[in-house]
Amino acid sequence: MRVFTDLHQLPSFRDAVLTIGSFDGVHTGHRRILEQVQRLARACGGESVVLSFEPHPRTVLHPDDAAFKLITTSSEKIALLEQCGVDHVVLAPFTLDFARQSAREYVEDFLIRLFNPRYIVIGYDHRFGANREGNLAFLQAYEAQGLFSIVEIPAQEIDDIAVSSSKIRNALEASDIAYANRLLAHPYFFTGRVVSGNRIGRTIGFPTANIQIADRYKLIPPAGIYAARAVLARPGNIEPFPWRPDARVVYDAMLYIGQRPTLAGGLDRSIEVNLLDFDGDLYGQEMAVELIDFIRPDKKLDGLGALKAQIEADKVEILQRLHPEPHKTPATPSDTAIVILNYNTRRHLAEYLPSVLAHSGGARVIVADNGSPDDSIAFLREQYPQVEILDLQQNYGFAQGYNEALRQVHSAFYVVLNSDVEVTSGWMEPVLDAMRANPRIAIAQPKILAWRDKTRFEYAGAAGGWIDYLGYPFCRGRIFSQNEEDQGQYDTPQECFWAAGAAFFIRAELYHSFGGFDGDYFAHNEEIDLCWRLKRAGYQVWCFPDSVVYHLGGGTLEYESPRKVFLNFRNSLFTLLKNEPAAKLCWLLPARFLLDGLAGLRFALKGQFRAIWAIVEAHFSFYKHWGLTLRKRRQIAKAIEKQGIGPENCSGIYGGSIVFAHYARRIKQFSKLL
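If you're wondering where the values come from, they're calculated on a predicted model, not measured in any experiment.

> Any details on the pattern of salt bridges? Residues and values, ideally.
Summed over all chains, the structure comprises 27 salt bridges. Its salt-bridge partner being R58, residue D65 comes within 2.7 Å of it at the nearest N-O pair. Judged by its relative accessible area of 22%, D65 is partly exposed. Here D518 makes a salt bridge to K578, at a shortest N to O gap of 2.8 Å. Highlighted residues: D518 in the loop between α15 (508-513) and α16 (526-536) and K578 in helix α17 (residues 562-579), separated in sequence by 60 residues. Pair check on accessibility: D518 and K578 agree, each one buried. A single salt-bridge network, built from bridges that share partners, covers D518, D520, D529, R533, K578 and K632.

Written as structure tokens, this is what we have:
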């Protein structure tokens, strides 16, 4: 990537695809725009160009605004843009004279003369020129002359970017580092020079590097202790500051921000970093500090002895946050916990639990018993003492049972696993590796094959769950009751809409912050509902077929039992009311009423009259709980507004009707559907 700060040094760009903005933070919303710019550049054989301004226009136009803070300085922004694969970054000098030029001068003498763009990728609300007279319509007049083409970034996407930036700043100012990092898709960091301090840290065994940050607009989180990583230039590196992995060295670190109340209150803010397992002189060096998690607020302690003891305790906690590896002792939270909900199915535990224990090394295996009347708990204690047992005392159902169990399990990742699932060697690694590498993946599943016929996809999940425009779920590899033979046709990892509850990987933090499963569902569709909530918040759901499990299916309820029909039809309506837009519900719910009636007719033709009554009961129950479901709808909207990381993720939605495609067009294979 080439960086230009002198406009006289600009080259003659070849079919430039130009985007303009501050790109403060280079967060997930910005990255979607950059991906679009790069796709256009590849398609036309051109170059991607990001135009930003230095200093930030707001600092020039409103120099006395002390509240304004930047997520990234110019040099930090350049480093992040380079990681995104941009060809050119231009930091145009922003001055009052530049701000006073007319919109015509800005377009003709600046954009066209210096960049000669083929495309300009720009937001609907972009304003420029004196008194902000230039706008999208102004640019479109030049487009009509054939001077360049405009690619408009939709209002929703621009608004999401603004909201994301605000959420990041708010999260950082509240010390919610984990949430800010999810929105950023990279650790929040700052850079500065190591300067001389009072060296008190050396006297208690924790020498610190005092960081001086030159940019007064850089946002620094509140006082407190943070888990961090310190980044230094690798010895012999000739770059002014290294961002390439091969040019830098990274150390675990403890970060302190505050006024050192234990030593001398009232001092200016100090930023101090203790590099773990480092010995050397850092004075005068540039250092980047990546914030990983918040540990505790700053507090005054009773002397240096108390301070040393507190720092030692902080170090233990920080190392656990930086390296949340699975621990062998069940009492210690681990990286991954496999939680199996059991109700009266000792036979399943005897059949399938051995594979879980054999192929899930490093993960905790926990059986949560839903008040089983059989001897499941005694069997586990006698045969599998290494398995943790949570005795829930009563039958909460699948959904609430997991909520009750997972409240007691502390881990980074949960694997919700049915008791009738046989796992295979290496089944966890492909899923967990992908989730650790991509913080936007909230939920994932393996490929699920039928235990009774291991050549065919299983009903519950197959190779990833989809949903149609009317809210009917189906799978890659299974449409209604048509289960395809697995011939490797769906062995490519794919983002989907929902993951099967039979083998359901989820980030523990997101499970709890988004409310977990809806306990009122009892069973069935609760995983689709939770996936939908997280998709609305901008997260991703994936299937990773490198991981394979075999599911017995129907182990607790037969597929077309009246109870199962009732739960599926009712809970599907609950899910629609909680997640679909209000305008769509006005016609969708009547349409579903008619389609559910057709389903009843199908059951009648098969002589399954109890299933027809189950559908009727499902609708009565749905309308009975209408008010409660609307309250849940409002609660979900608030959670998404507070914790969302981007616009609604619509991948995995089939734009037509799966009912029509299957029964009218006779499509029985997912590959032929799309």
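Next, the rest of the story.
> Go over helix α18 (residues 582-605) with me, naming the residues and quoting the values.
Taking 1.5 Å of rise per residue, 24 residues should cover 34 Å, and α18 covers 35 Å from first to last C-alpha, within 8% of that figure. Its maximal kink placed at L588, α18 deviates by approximately 30 degrees, while the proline P590 follows within four residues. When we look at burial in α18, the residues that qualify are K584, L585, L588, L589, R592, D596, G600 and F603. Count one or two residues on from α18 and you reach G607, which has phi positive near 75 degrees.

> Which residues make up the environment of L417, and what values do they have?
In this structure, L417 sits in strand β16 (residues 411-417). The spatial distance from the C-alpha of L417 to the C-alpha of V339 is 6.1 Å, given a sequence separation of 78 residues. Excluding residues that lie within four positions of it along the chain, L417 makes contacts with I338, V339, I340, L341, V356, Y402, V423, W427, A502 and A503.

> Please set out the nonpolar core residue by residue, giving values where relevant.
Formed by 145 residues in total, the largest nonpolar core has its most connected members in L255, M287 and I338. Looking at this core element by element, the count peaks at 8 residues for α17. Sequence-distant contacts of I338, that is, excluding residues within four places in its chain, are made with V356, S360, A363, R364, V365, I366, V415, L417, W427 and M428. With 29 residues, the next largest nonpolar core counts V60, A103, F128 and F148 among its residues.

> Which residues make up the packing of α17 against α18, and what are the values?
It is at 11 Å that the axes of α17 and α18 come closest, and there the two elements cross at 170 degrees. Classed by the angle they form, the pair α17 and α18 counts as roughly antiparallel. Contact residues: α17 offers V565, F569, S572, L573, L576 and L577, while α18 offers L585, L588, L589, R592, D596, A599 and F603. Here the residues of the contact of α17 with α18 sort into 10 nonpolar, 1 polar and 2 charged.

> Quick one: what's the story with the packing of aromatic side chains, residue by residue and with numbers?
Going through the model one piece at a time under the given rule, you end up with 41 aromatic pairs. Both rings, one in Y142 and one in F148, keep their centres 6.4 Å apart while their planes meet at 20 degrees; by these two values the pair is stacked. Site record: aromatic cluster; members linked through ring pairs are F4, F13, F53, F94, F98, Y106, F110, F115, F128, F138, Y142 and F148. The positively charged end of R563 is found above the aromatic ring belonging to F522, 5.3 Å away from the centroid. The cationic tip of K584 hangs over the ring face of Y469; the distance from NZ or CZ to the ring centre is 3.6 Å.

Cut-offs and rules
Residues numbered from 1 in each chain as written. Predicted model: local features only at pLDDT ≥ 70, side-chain atom pairs only at ≥ 80, totals over all residues. Heavy atoms only, no water. Salt bridge = Lys/Arg side-chain N within 4 Å of Asp/Glu carboxyl O. Buried < 20%, exposed > 50% of the residue type's maximum accessible area, 1.4 Å probe, protein only. Helix = DSSP H or I, 4+ residues; strand = E, 2+ residues; numbered from the N terminus. Expected span 1.5 Å × (residues − 1). Bend = angle between axes of the 7 residues up to and from the residue. Contact = heavy atoms within 4.5 Å. Core = buried A, V, L, I, M, F, W, Y, C linked by side-chain atoms within 4.5 Å. Axes fitted to C-alpha atoms, helices over the stretch in contact; angles between N-to-C directions. Parallel < 35°, antiparallel > 145°, perpendicular 65-115°, else oblique. Nonpolar A, V, L, I, M, F, W, Y, C, P; charged D, E, K, R; others polar. Phe/Tyr/Trp six-rings, centres within 6.5 Å; stacked < 30°, edge-to-face > 60°. Lys NZ or Arg CZ within 6 Å of the ring centre and 35° of its normal.

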